Structure formats: C-alpha cells, structure tokens
There are 2 protein chains.
Amino acid sequence: MTRLQLHNHILQKQSFLCVGLDTDLAKIPPHLLGYPDPIFEFNRQIIDATRDFCVAYKLNTAFYETLGKKGWEALEKTLDYLPDTHFSIADAKRGDIGNTSKMYAKAFFETMDFDAVTVAPYMGEDSVLPFLGFENKWVILLALTSNKGSADFQMTPQEDGRPLFEKVLRKAQDWGAPENLMFVIGATHPEQFDQVRAVVPDHFLLVPGVGEQGGDLKKISKHGMNDQCGLLVNSSRAIIYAGNGENFAEVAAASAKLVQTEMAGLLPR
Amino acid sequence: MTRLQLHNHILQKQSFLCVGLDTDLAKIPPHLLGYPDPIFEFNRQIIDATRDFCVAYKLNTAFYETLGKKGWEALEKTLDYLPDTHFSIADAKRGDIGNTSKMYAKAFFETMDFDAVTVAPYMGEDSVLPFLGFENKWVILLALTSNKGSADFQMTPQEDGRPLFEKVLRKAQDWGAPENLMFVIGATHPEQFDQVRAVVPDHFLLVPGVGEQGGDLKKISKHGMNDQCGLLVNSSRAIIYAGNGENFAEVAAASAKLVQTEMAGLLPR
C-alpha cells in the first residue's frame, strides 16, 4: 500500500485506528472454543465487526507462534481474510544480520503478504535495510515503545545528551523515506511527541498504548499529527476483549466506533 | 539444561562448538529437493554427522518462517530430532512488551522445548523478564553482535562515555544470573572480549561470526574463556554448506571435526 492510499483511506473512514489482533485462547469467549480454529473464528468476527471503523489491522505474531504450527496457520488465514483496503501489519519485532533479515523480510512480504512489519533497531543498518527493498512495503521501526522498559535504554542520554530513541530516528532517515518507513512511538509518552515530530515531521507513527496501557488520544493527536494525519493509533485488548459473551463482536464494534468517532473530531476538517 | 550439565558436556566432547542450522532451500544439495521435507532431511543428516563434535545446535527461525507453515513444521521436527545431550537454541531475537514476551517464551519453552532463546534488549527489563521464569531455560541476550550495523547503536558512547552494549551487560545482571542468562558477543570484535569479561566474568557468551564472517577462534578463546569455558562458538554456513554434493554430511562432519580439534587445544588441560 502507498502512503497516498493510506492517507485517502484515513480521510474516507475519518479514522486512524489500527485494531490489534492479540488473539489469546485464554481470553476469547468460551463459546468459540468448539470451532475447529477458534483463533481464526474470533478474528473473522472481529474483522467483520470493526472494519468500518479502522484503517489497519496489526497481528501480533507472538500470540500465534505460541500455538505452534496451528497458530501459524491461523495467522496466515487471518491475513488472507483481511480486506485489501486495510493496511496489514505483522507486529513481529524482527531484526538480525543481513542475510537473516532478508529471510524474515521474505517471510512477511513474499510468503505472506503483509503491508508492513515491525523491526527492532538494536542491530543497526544492515539488519533493517533488507526489509526496505520491497515495493509498497513498509518497515515500522521501534523507536520509543509504550512499556516501562523503554526507560532502560531508549530514553537514556547518549554522549551528546540526546536519548537513544532520537538517535534511532535520525539514523533511520538515511535508510528509508516517509514512503516506506514508519516509527513506533508509544502513546504512554505524550510529552515526547513534539520532540519526535521535530526530528521526523513527515513519517507515519504507529502508536500503541492507548486503551489498556493508558495513553491519551487527544494529546497524541495534538502533538503527533501532521498534514497527512501521520498517525496510526493501535488498540488491541480494549477493543477485541471489550465483550466476552456471544455478542463479543457487537461489543467490539461499539468500542471501535467510539474510538473512530473521537478520531473524526480530531482530524482536520 | 543446567550450567553444570553444559560445562560437563564441553569437557567430555572437548568442544564448545555450536552448529547453526541456517537451512536454506537455495543452498542445500540439489539431490535433497526430491524429499518430502528437504529442510528436515538436510538437518537430520547434518545432526547425525556433526553431533560428536559439537555441544549445541542453533536454529535460526528466519530460515524456517520464510517457508511459512511447512517451515514451522520443519523447525519443530528438527528440534525433536536433536539429541537430549545437546543444548538447543532458538535464534529468534524476540522481545516485546511483557504480556507479548510471555507468549514468545511459551512458544519456545513450552509449545516447543528449546533450552534457550535469543532476545533483543531494546525494549528493556519487562521485555526480557518473562523469558527468565522457566526452570533450566536460558535467555541469550544480544549485547554486541557480529554484523557491521553493531557500530550504529551498540558501540556508541552513552553519557558516561561507555558503549551501549556495556550498559546492556550491566543492566541485565539485575535480571538474570549466570545460571539462566548468556550474552551474544560477536567474534568479529575480538578486541572487546577483555572489556566484556571485566563486566560479566561468569556468564556464558554465545559467539557468532567465526567462519563466513571472519572471527578468530584463538583470540576469542584467549580473551573470552573463563573457568567454566564460558563460550559457545557458533558456526553456521562454514560447516553446513562446506560441501554441496551427495557427500555433504561427511564434508560437514570433517569441517566440524576440524573446529573441534582446534577447540580441544584451546581448552585448559
């Protein structure tokens, strides 16, 4: 998907919501456990219910890998079921030496057909570049994550006094462009968005951490939005597990619509 | 596997070699392509041929994921085929927020039964801890990797003038112990091993980058060994692709034996 297509979809839906499919057998409604593939059945109903209110889906690979081969099957089936209109993200946090990153890139962009994959920056340039060689595919590079542990290394000052995540933002601009590179910036750091936008004014940001993790949509939009919107705000648990009964999909739809309505008010008229 | 068991195995085999199963359909001998599962068939023959000369096997998950569901099957079958005596490593470079890292830990330690998994440190403490809660299982944390990109962030000085990888080594000692935590230190940085050992004298180090990547075994042993050996030196391509004919396994065995013989001379008498 191109940046223009993504922006147009955001304008059309009046939404920059990404729904995170962190699908966990221990958390889905019990009545689904009788299905041959409960994970896929849950995802299918969630997708049907929420697609009108979001522009992207993020599949967290950990939740599928934990089920082994069957989980991998559910991941592939879910990806195939996603509407073509929606931006699809493999939240895989991969990254390795060049020849290995190339294999991961093939896994997510060729064997499967995701639009984007999240990548960890710790191993540097040659661990990221192999993901950037695919037309209309995207790297979403971890910069400042939403968790407590982001303070351990990402926030600590380098020799020049600036935090590591800022160095990641700067370096990565030599590797990719706003057309194929986004950054993860956690919603739990709203005070950092001005600083982030000073370094990367044009790139899209994938923002996890609203909902369960407590981030504030209004603040993020005020400080993080650019003239192409430039934000994909992810919510996983607060939407997909909003209900746990037979009507879970309707409840998820209502939760997604609530976020979409708030987003419509935050987008420029 | 415990640290004592690993050390005993090293003494018994007179080897601290880890064979890396970076198995690639494009590189295995063509006569194997007719088998129902060529990847597994290659691994099976390599394992049979090299098990007497090594103490560990490292499966690089990228090479399996790139084949989709079938690759995941080959990964599971290969793990099941590994001898119980050998230390098994999922070279997966995972790491995410706490609830997600927990899912990855379950994937590699419960759904599958690896002894160890490689973990990326960028997301900090709560991304690593969930992997450390399993008895006799190990985290192998990336510190200083073997690739060129290690210079981008790992080697750059922090506010105190010390490189980031040293901060990772220091912080991580609050999270795990020499009984459940190793570090990746690339063989391409032999000059750094004294510095590493000054910070982590007791931990095992997983050392990739000999063979194809050019690391020097003698230097690494001189500067990296401790009184429990403390090293697992990985070689992937230089062993498994040493031959490409029908006798590839014999050639791999000879290559592994050559490394083992050199290692025997480097271990204390």
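Our structure is the block above this text.
Residues numbered from 1 in each chain as written. Chains lettered and ligands numbered in written order. Predicted model: local features only at pLDDT ≥ 70, side-chain atom pairs only at ≥ 80, totals over all residues.

Helix and strand counts for chain A come out as 11 helices and 8 strands. The C-alpha radius of gyration computed for chain A amounts to 18 Å, which stays within 12% of the reference 18 Å derived for 269 residues, consistent with globular compactness. Oriented by its inertia axes, the alpha-carbon framework of chain A measures out at about 55 × 45 × 35 Å. (Helix = DSSP H or I, 4+ residues; strand = E, 2+ residues; numbered from the N terminus. Rg over C-alpha atoms; globule rule 2.2 N^0.38 Å.)

To continue, consider the pairing of strand β2 (residues 56–60) of chain A. Residue and element names in this part refer to chain A. Along β2, 5 of the 5 residues are buried, which leaves the element largely enclosed by surrounding structure. A two-sided burial pattern is seen for β2, the buried positions comprising A56, K58 and N60 on one face and Y57 and L59 on the other. Where strand β1 (residues 17–21) and β2 come together, 4 bridges link them in parallel fashion. Across the sheet, L21 pairs through a bridge with L59, a residue of β2. (Buried ≥ 20, exposed ≤ 12 C-beta atoms within 10 Å, placed from the backbone. Pairing = 2+ DSSP bridges.)

Another point: the sheet that holds strand β7 (residues 205–207) of chain A. On the basis of which strands lie adjacent, the closed barrel formed by 8 strands has the order β1-β2-β3-β4-β5-β6-β7-β8 (chain A) and parallel pairing. Adjacent strand axes in the sheet meet at a mean angle of 30° when their direction is disregarded. (Axes fitted to C-alpha atoms, helices over the stretch in contact; angles between N-to-C directions.)

Membership of the largest hydrophobic core comes to 184 residues, with the highest contact counts inside it found for I140(A), L141(A), I140(B) and L141(B). I140(B) has contacts with I89(B), A116(B), V117(B), T118(B), V119(B), M182(B), F183(B), V184(B) and L206(B), leaving out every residue within four places of it along the chain. (Core = buried A, V, L, I, M, F, W, Y, C linked by C-beta atoms within 7 Å. Contact = placed C-beta atoms within 7 Å.)

We now examine the relation of the copies chain A and chain B. Mapping between the two chain copies consists of a rotation about an axis together with a translation along that axis. Under the fitted operation, chain A is carried onto chain B by 0.0 Å of movement along the axis and a turn of 180°, and the coordinates agree to an RMSD of 0.0 Å. Here the copies are linked by what is in effect a two-fold axis. When the interface residues of chain A are mapped onto chain B, 100% of them are again interface residues, pointing to one common binding face. (Least-squares fit on C-alpha atoms with pLDDT ≥ 70 in both.)

All names here are of chain B. Each parallel crossover has a hand, and for strand β1 (residues 17–21) linked through helix α2 (residues 38–50) to strand β2 (residues 56–60) it is right-handed. Across 5 bridges, the pairing between β2 and strand β3 (residues 87–94) is parallel. Each residue of the ladder has a partner; that of N60, found in β3, is D91. (Right-handed = clockwise from strand over helix to strand, strands pointing away.)

All names here are of chain A. Running from N to C, helix α2 (residues 38–50) and helix α11 (residues 248–266) point in directions that differ by 40°, and their axes come no closer than 8 Å. Considered as vectors, α2 and α11 are oriented oblique to each other. Of the two elements, α2 crosses α11, and the hand of that crossing is right-handed. The segment α2 lies against α11, with Q45, I46, D48, A49 and T50 engaging A249, E250, A252, A253 and A256. (Parallel < 35°, antiparallel > 145°, perpendicular 65-115°, else oblique. Left-handed = near helix turned anticlockwise from the far one by under 90°.)

Residue and element names in this part refer to chain A. Among the residues making up helix α9 (residues 217–224), those that are buried are L217, I220, S221 and G224. Angularly, the buried residues of α9 cover 95° about the axis, an arc narrow enough to put them on a single face. Looking at the packing, one finds that the buried side of α9 touches α8 (193–199), β7, β8 (231–235) and α11. (Arc of directions from axis to C-beta.)

The subject of this paragraph is the sheet that holds β2(B). Residue and element names in this part refer to chain B. The strand order around the closed barrel formed by 8 strands is β1-β2-β3-β4-β5-β6-β7-β8, and the pairing between neighbours is parallel. Averaged over neighbouring strand pairs, the angle between their axes works out to 30° when direction is ignored. Sheet topology places β1 next to strand β8 (residues 231–235); 3 bridges connect them, and they run parallel. Looking at the pairing, V19 lines up with S235 of β8. Here helix α11 (residues 248–266) sits on the sheet in contact with β1 and β8, set at roughly 155° to β1.

We now examine the interface of chain A and chain B. Taken together, the contact between chain A and chain B spans 49 residues of the former and 51 residues of the latter. Counting only elements with at least two residues in the side of chain A that touches chain B, the list comes to α3 (61–65), α4 (69–81), β3 (87–94), α5 (98–111), α6 (125–128) and α7 (164–172) of chain A. In terms of residue count, the dominant contributor to the side of chain A that touches chain B is α5(A) (7 residues). When grouped by side-chain class, the residues that make up the side of chain A that touches chain B number 17 nonpolar, 17 polar and 15 charged. (Nonpolar A, V, L, I, M, F, W, Y, C, P; charged D, E, K, R; others polar.)

Now for the environment of E179(B). With respect to the secondary-structure elements, E179(B) resides in the loop between α7 (164–172) and β6 (181–185). Separated by 178 residues in sequence, E179(B) and M1(B) have C-alpha atoms that sit 9.6 Å apart.

At a minimum axis separation of 9 Å, α4(A) and helix α4 (residues 69–81) of chain B run at an interaxial angle of 165°. Relative to α4(B), the element α4(A) lies roughly antiparallel. In this structure, the crossing between α4(A) and α4(B) has a hand that is right-handed. Mapping the contact onto sequence places K69(A), W72(A), E73(A) and E76(A) in α4(A) and K69(B), W72(B), E73(B) and E76(B) in α4(B). Within the contact of α4(A) with α4(B), the residues separate by chemical class into 2 nonpolar, no polar and 6 charged.

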